[in-house]
Amino acid sequence: MNEFHHGWKALVAATIGTMCGLITITNYSQGFMVGPVISEFGWSPPQFFLSFTIMMCVGMVAGPLVGQMAEKVGLRTLGIVGLIGHCLAYFLISFNNGSLVLWYLSFAALSVLAAGSLPIIWTAVLNSWFQEHRGKAIGITMAGTGIGAFILPQVVEFCIANYGWRAAYRAVGLGALVLSLPVVIAFFRENPAATRDSTDSKQPDISWGSTRAEALGSVKFWILGAVLFVTALVIVGLLSNFERIMSEQGLARSDIATIAAVMGLTVIVGRLLVGALVDRFWAPAVACCFIAMPVFAMFMLLNVDVTIQIGFAIGILIGLAAGAELDMLAYLTGRYFGPAHYPAIFGAIYAFFTVGAGVAPPIYGALAQQFQGYATVMMISIGLLLLSIVLFLALGKYPRAMSHEVS
């Protein structure tokens, strides 16, 4: 694996950047903050979590913008600025005095200030270092979210218990910056030897690819955007409501917590596994296999008595699909639209993911309340995932320019 010999520094920096970036830190810390914050300010949980929806929806603009800026400013500069902005925004959140409006504005600011720490930036650098093993490299990079999911809960809970939620926000923001910034400054660079001459097979060819405007005019762009919106909506909806779904099945909270911990580890497995598979097989077919997993999980929830053993099986199936989602987003963008303008196109497609993920928690909660349980919600979700499988298959063959990369 000569590519790993030459590109390991950039890969390490991208993985740590992902682990310490906006999506990982916010996703796996907010659940621990909600209790102390609403207890102090008298808010409801939905009021608290609306901040996450706002952050993701603002990302619909921030993501494409940072992707477009990458070609002018450079990946390394945006990554550094994003990590610093992420830390500053967490300090801003910690100074809230009980104003719900300020709380929402702070999370909107977080989405903008930390946009450079999104996977758009960290995965883009891989195009210049990896060609034959690009899927594996993306899988390793995105496994940074799983590593963060394993580390953050203990750190956040310790800080809250001993110093309060304000100190926890500051500690997490500063800790992420201290851990990631030196590594990114030292190692996060594009490959200067990457060729823009497609006849040179010794280095990754980054010469080919659609412009952002050409991608927006492509049917494949809108198919990929639609499938990512739908899968994000369903998978994030399941993850954010997992405790309530499993409680509805009669499992104890302690058992659900254990299942959730195992599910978190399977996210890492899913990221690494999908990365290895897409280097060998047609990526949309791989995606269909992973998207089918939560379909089976929901069939079990709807049709069998859920024991702790079946609960583990359900958690593993959902976790593997969750681990595959962002990897597929990054990989398919590069495969279908090329590396030449990857950040700008990835940023535009990422907007679909942010909207789906942002609206999923409140939609699932509202539907469960409307239908007095999650059975109807899961039946709708099964239909949506089956639609996703059809859309993945509709993507068709890779462009001709990719033929030398997948031979």
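Everything below is about the structure shown above.
Here is a short report on the structure shown in this document. (Residues numbered from 1 in each chain as written. Predicted model: local features only at pLDDT ≥ 70, side-chain atom pairs only at ≥ 80, totals over all residues. Heavy atoms only, no water.)

Details of the overall build of the protein
- Assigned secondary structure in the protein consists of 17 helices and 0 strands.
- For 407 residues, the compact-globule formula gives about 22 Å, and the C-alpha radius of gyration of the protein, at 20 Å, lands near that figure.
- When the backbone C-alpha atoms are referred to their principal axes, the protein occupies close to 60 × 45 × 35 Å.
- Burial statistics for the protein: of 407 residues in total, 55% are counted as buried.
- Restricting the contact set of the protein to residue pairs at least 6 apart, pairs at least 24 apart contribute 82%.
- Across the protein, the mean location of the 19 positive side-chain charges is 6 Å away from that of the 18 negative side-chain charges. (Helix = DSSP H or I, 4+ residues; strand = E, 2+ residues; numbered from the N terminus. Rg over C-alpha atoms; globule rule 2.2 N^0.38 Å. Buried < 20%, exposed > 50% of the residue type's maximum accessible area, 1.4 Å probe, protein only. Contact = heavy atoms within 4.5 Å. Lys, Arg positive; Asp, Glu negative; His and termini not counted. Charge placed at Lys NZ, Arg CZ, Asp CG, Glu CD.)

Quick notes on the packing of helix 11 (residues 219-240) against helix 14 (residues 283-303)
- At their nearest, the axes of helix 11 and helix 14 sit 12 Å apart, and the two run at 45° to each other. The angle between helix 11 and helix 14 places the two elements in the oblique class. Relative to helix 14, helix 11 is oriented so that their crossing is left-handed. For the pair formed by helix 11 and helix 14, the contact residues are T231, V234, I235 and L238 on the first element and I291, P294 and M298 on the second.
- The residue makeup of the contact of helix 11 with helix 14, split by class, is 6 nonpolar, 1 polar and no charged. (Axes fitted to C-alpha atoms, helices over the stretch in contact; angles between N-to-C directions. Parallel < 35°, antiparallel > 145°, perpendicular 65-115°, else oblique. Left-handed = near helix turned anticlockwise from the far one by under 90°. Nonpolar A, V, L, I, M, F, W, Y, C, P; charged D, E, K, R; others polar.)

Regarding the packing of aromatic side chains
- Within this structure, the stated rule accounts for 21 aromatic pairs.
- Put simply, the rings of F41, W43, F48, Y90, W103, F107, W165 and Y169 pair up and form one aromatic cluster. (Phe/Tyr/Trp six-rings, centres within 6.5 Å; stacked < 30°, edge-to-face > 60°.)

Quick look at the pattern of salt bridges
- Evaluation of the coordinates by the stated rule reveals 2 salt bridges.
- A salt bridge links E40 to R166; the shortest N-O distance between them is 2.8 Å. Of the two residues, E40 sits in helix 3 (residues 30-41) while R166 sits in helix 9 (residues 165-187), which places them 126 residues apart along the sequence.
- Residue E40 is classed as partly exposed on the basis of its relative accessible area of 43%.
- Owing to a relative accessible area of 24%, R166 belongs among the partly exposed residues under this scheme.
- One salt bridge connects K136 with D279, and the closest N-O pair in it is separated by 3.3 Å. (Salt bridge = Lys/Arg side-chain N within 4 Å of Asp/Glu carboxyl O.)

What to know about helix 17 (residues 375-393)
- Compared with the 27 Å implied by 1.5 Å per residue over 19 residues, the 28 Å span of helix 17 between its first and last C-alpha is a close match.
- Those residues of helix 17 that are buried lie in contact with helix 11, helix 12 (242-248), helix 14, helix 15 (308-337) and helix 16 (342-370). (Expected span 1.5 Å × (residues − 1).)

Brief notes about the nonpolar core
- Within the largest apolar cluster, 135 residues are counted, with the highest numbers of intra-cluster contacts made by M33, W103, L110, Y169, F188 and Y350.
- Setting aside chain neighbours within four positions, we find Y350 in contact with I23, L118, P119, I120, L326 and L329. (Core = buried A, V, L, I, M, F, W, Y, C linked by side-chain atoms within 4.5 Å.)

Quick look at a nonpolar patch on the surface
- A contiguous nonpolar surface patch, about 420 Å² in accessible area, is contributed by I147, F150, I151, V155 and L265.
- In terms of residues, the nonpolar patch owes the most to one element, helix 8 (residues 134-163), which gives 4 residues.
- Among the secondary structure elements, I147 is positioned in helix 8.
- Using a relative accessible area of 34% as the deciding quantity, one classes I147 as partly exposed. (Patch = residues over 30% accessible without salt bridge, like charges linked within 9 Å, V, L, I, M, F, W, Y side chains within 5 Å. Areas by Shrake-Rupley, 256 points an atom, 1.4 Å probe, with all protein chains shown as cover.)

Comments concerning the side chain of S117
- Tracing the chain through its elements places S117 in the loop between helix 6 (100-113) and helix 7 (119-124).
- Given the relative accessible area of 2%, S117 is considered buried.
- Within the structure, S117 has its side chain in polar contact with the backbone nitrogen of L22 (distance 3.0 Å).
- The contacts of S117, once residues within four sequence positions are left out, are G17, G21, L22, G82, L83 and W122. (Polar contact = N/O pair within 3.5 Å; in protein donor to acceptor, adjacent residues only side chain to side chain.)

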